[in-house]
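Chain residues, written in single-letter form:
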Amino acid sequence: MTSRILITGGCGFIGSNFVRFVLAERPDWEVVNLDKLTYAGRLENLKDVEHDPRYRFVRGDICDPEVVRAAMAGCQLAANFAAETHVDRSLLVAGHFIDTDIKGVLVLLEEARRVGLERFVQISTDEVYGSIGEGSFTEESVLNPRNPYAASKAGGDRLAFAFWATYKVPVVITRASNNYGPYQYPEKLIPLFVTNALRDEPLPLYGDGRNVRDWLHVLDHCRAVLHLLEYGVDGEVYNIAGGNERENISVTREVLRLLGKPESLIRPVADRVGHDRRYSLDAAKLRALGWGPQVPFERGLAETVRWYADNDAWWRPIKDHDGEFRRYYQEQYGGRLS
Ligand code: NAD
Ligand code: DAU
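As the structure is a prediction and not an experimental result, all values here were calculated from the model. Counting restarts for each chain: residues are numbered from 1 in the order of the written sequence. Chains carry letters and ligands carry numbers; both start at the beginning, A for chains and 1 for ligands, and go up in the order they are written. Only residues with pLDDT of at least 70 get local features here, since the model is predicted, and only at 80 or more are side-chain atom pairs given and counted; chain-wide, interface and lining totals rely on the full set of residues. Processing note: side-chain calculations cover all non-hydrogen atoms of the structure and skip hydrogens and water entirely.

Caption draft 1: Local environment of the environment of G260. Going along the chain from the N terminus, every DSSP run of H or I of four or more residues is numbered as a helix, and every run of E of two or more is numbered as a strand. With respect to the secondary-structure elements, G260 resides in the loop between α8 (248-259) and β12 (266-269). On the basis of relative accessible area, G260 is assigned to the exposed category, the value being 64%. Distance in space between the C-alpha atoms of G260 and L198 is 9.6 Å, their sequence separation being 62 residues. Here the term buried applies to any residue with accessible area under 20% of the maximum for its type, exposed to any over 50%, and partly exposed to those in between, with areas from a 1.4 Å probe on protein chains only.

Written as structure tokens, this is what we have:
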């Protein structure tokens, strides 16, 4: 039987990779993509599938109950990727993080309950656990979000659980580590540094550069979310980890090496306030369900760097002509780099 899935935030980085992945992997599924097209949502991310008869795009806000009602009509499944996602922006202005990442999740959950959805996957994040010095967080670890983005995601994460605990809405919650791959908006570490290096511009490395992130290829993330749509257990949380913990300085050096650019492009700058030192996840629970990452970091990073080098028609208009990006870059880095 045909399944119809609502994918929210499908014009963003992970969402667009997921839309493409589902259309390729599940030929009998229909996809409805609900996206507000914020600065991070881009129709060109899905140019190659826009005419697929199984695909429908709806422009709208997950905070709007009428929009959500129309988009979710006829769906059995939903995966909520829509969010404000950039930590640095949440440190400048946080209000819209609360709107989308908490109130928007509530609107989706209420509609999921009303229509009797068969599965609702809430895409949360490892940031809800906060920072860890030694060892790794399990799904049982205490939540300790330490920046406004992480706190708003924790709100959405726990609201989703509350709808399972109270109303038995069949929710599954995922907490993934840092994603990388094609179509990532060039405000995040890897695409920002690759595209700056391609133009011989400085790479603004925060603090001592020794903060640790665990890198997960976006297609490994997509495989995990599809697996959980089909095999996840209602009401459960699943960590999704790449298993590739690296200090930022090491990722930065590798990017420069792959591009044949000098390390003199690295510019140590004032640290992010409240900068989480290390993220680390134990993903044994998801591995026991049959998922494991398939993309080795060295290969994934090399392919990703190549993708940005080959697709400057994708990122140059953002960096050069998008007034919003330029305003943000100036506000975030102007003082740091001067
Ligand atoms: P992104 O910023 O690239 O894309 C977000 C998308 O959501 C955009 O297309 C945007 O237009 C859309 N959107 C924002 N507000 C909306 C609203 N109110 N209504 C409808 N659409 C709206 O984000 P991403 O990096 O692809 O992240 C996707 C999800 O994965 C987020 O929930 C994020 O918290 C989570 N996550 C991301 C990472 C990562 O490393 N990028 C890791 C773990 C979890
Ligand atoms: O861990 C999952 C999270 O990963 C997701 O939930 C977020 O949506 C996603 O943005 C990402 O958050 P981070 O803050 O870890 O990602 P970001 O790319 O912004 O930064 C990665 C690391 O690089 C972090 O330690 C800060 C550092 N950094 C980042 C930027 C943008 C720099 O040193 N310089 C920079 O200019």
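After that view, the rundown keeps rolling.
Caption draft 2: Structural view of the site of ligand 2. Lining the immediate surroundings of ligand 2 are 25 residues, of which T125, D126, Y149, R272 and Y333 lie closest. Polar contacts, as used here, are pairs of N or O atoms within 3.5 Å; protein pairs need one atom able to donate a hydrogen and one able to accept it. Residues neighboring in sequence count only if both atoms are side-chain atoms. Note that an oxygen atom of ligand 2 is positioned 2.9 Å from one of the side-chain N or O atoms of E127. At 2.8 Å from an oxygen atom of ligand 2 is found a main-chain nitrogen or oxygen belonging to Y206. Mapped by element, the contributors of at least two residues to the shell around ligand 2 are α3 (87-92), α6 (189-198) and β8 (203-206). Looking at the shell around ligand 2 residue by residue, the classes come out as 11 nonpolar, seven polar and seven charged. Each of domain 1 (3-180 + 213-240) and domain 2 (189-212 + 246-273 + 296-337) gives at least three residues to the shell around ligand 2. If even one non-hydrogen atom of a residue comes within 4 Å of a molecule or strand, that residue is called near it. Each residue gets one label: Ala, Val, Leu, Ile, Met, Phe, Trp, Tyr, Cys and Pro are nonpolar, Asp, Glu, Lys and Arg are charged, and the others, such as Gly, are polar. Boundaries of every domain are those given by an automatic assignment or by a domain database.

Caption draft 3: Fine view of the domain arrangement of the protein. With domains assigned, the protein is organised as domain 1 (3-180 + 213-240) and domain 2 (189-212 + 246-273 + 296-337). Contacts between domain 1 and domain 2 engage 15 residues on the former and 23 residues on the latter. Buried area adds together the accessible area that both of two parts lose upon being put together, with accessible area traced by a 1.4 Å probe. A buried area of about 1700 Å², summed over both sides, lies between domain 1 and domain 2, and 54% of it is on carbon and sulfur atoms. Area buried by domain 1 at its contact with domain 2 is led by Y180, R213 and W215, which between them contribute 40% of it. Pairs of residues are marked as contacts when any of their non-hydrogen atoms sit within 4.5 Å.

Caption draft 4: Quick peek at the site of ligand 1. Near ligand 1 there are 28 residues, and of these I14, D35, T85, Y149 and K153 occur at the shortest range. Within the backbone of I14, an N or O atom sits 2.7 Å from an oxygen atom of ligand 1. Taking F81, its main chain carries an N or O atom lying 3.2 Å from an oxygen atom of ligand 1. Under the convention used here, a 1.4 Å probe and the Shrake-Rupley method define accessible areas, while residue burial counts only the protein chains that appear. Burial of ligand 1 by the surrounding chains reaches 97%, relative to a free accessible area of 840 Å². Listing elements by their share of the shell around ligand 1, those giving two or more residues are α1 (13-25), β5 (119-125), α5 (148-167) and β7 (178-180). Considering every element that reaches the shell around ligand 1, the biggest residue donor is β5, with three residues. The residue inventory of the shell around ligand 1, partitioned by class, reads 12 nonpolar, 12 polar and four charged.

Caption draft 5: Layout of the side chain of Q122. Inspection of the secondary structure puts Q122 in strand β5. For Q122, a relative accessible area of 1% corresponds to the buried category. Apart from the residues lying within four places of it in its own chain, the contact partners of Q122 are N80, V105, K153, G156, D157, A160, V172, I173 and T174.

Caption draft 6: Inspection of the packing of α1 against helix α7 (residues 218-231) at higher detail. Their axes nearest at 9 Å, the elements α1 and α7 cross at an angle of 60 degrees. By the angle class used here, α1 and α7 are oblique. For the element pair α1 and α7, the recorded crossing hand is right-handed. Taking contact as the criterion, the partners of F13, I14, N17, F18, F21 and E25 in α1 are, on α7, V218, L219, H221, C222, R223, V225, L226 and L229. Considering only residue class, the contact of α1 with α7 consists of 10 nonpolar, two polar and two charged. Lines are fitted to the C-alpha atoms to define the axes, a helix being fitted only along its stretch in contact, and any angle between axes, read from their N-to-C directions, falls within 0 to 180 degrees. Just so you know how the angles are binned, under 35 degrees is roughly parallel, over 145 roughly antiparallel, 65 to 115 roughly perpendicular, and the rest oblique. If you view the pair so one helix is near and one far, a crossing is left-handed when the near helix is turned anticlockwise from the far one by less than a right angle, and right-handed when it is turned clockwise.

Caption draft 7: Fine view of the environment of V58. On the secondary structure map, V58 appears in strand β3 (residues 55-59). On the accessibility criterion, V58 (18% relative accessible area) is buried. For V58 and T8, which are 50 residues apart along the polypeptide, the C-alpha to C-alpha distance reads 9.4 Å. Look past the residues within four positions of V58 in its chain and what remains in contact with it is V32, N33, L34 and D35.

Caption draft 8: Summary view of the pattern of salt bridges. Just to be clear on terms, a salt bridge is a Lys or Arg side-chain nitrogen sitting within 4 Å of an Asp or Glu carboxyl oxygen. Taken as a whole, this structure holds 33 salt bridges when the rule is applied. For E111, the salt bridge goes to R69, with nearest N and O atoms at 3.7 Å. Residue E111 is found in helix α4 (residues 95-115), and its partner R69 is found in helix α2 (residues 65-72); the two are separated by 42 residues along the sequence. Overall, the relative accessible area of 6% leaves E111 in the buried class. A relative accessible area of 38% means that R69 is categorised as partly exposed. Residue R277 pairs with D208 through a salt bridge whose shortest N-O separation is 2.8 Å. Taken together, the positions of R277 in the loop between β12 and α9 (284-288) and D208 in the loop between β8 and β9 (212-217) put the pair 69 residues apart, joining distant regions of the chain. R277 gets classed as partly exposed once you look at its relative accessible area, which sits at 39%. Bridged by salt links that share partners, the residues R89, E187, K188 and E324 form one connected network.

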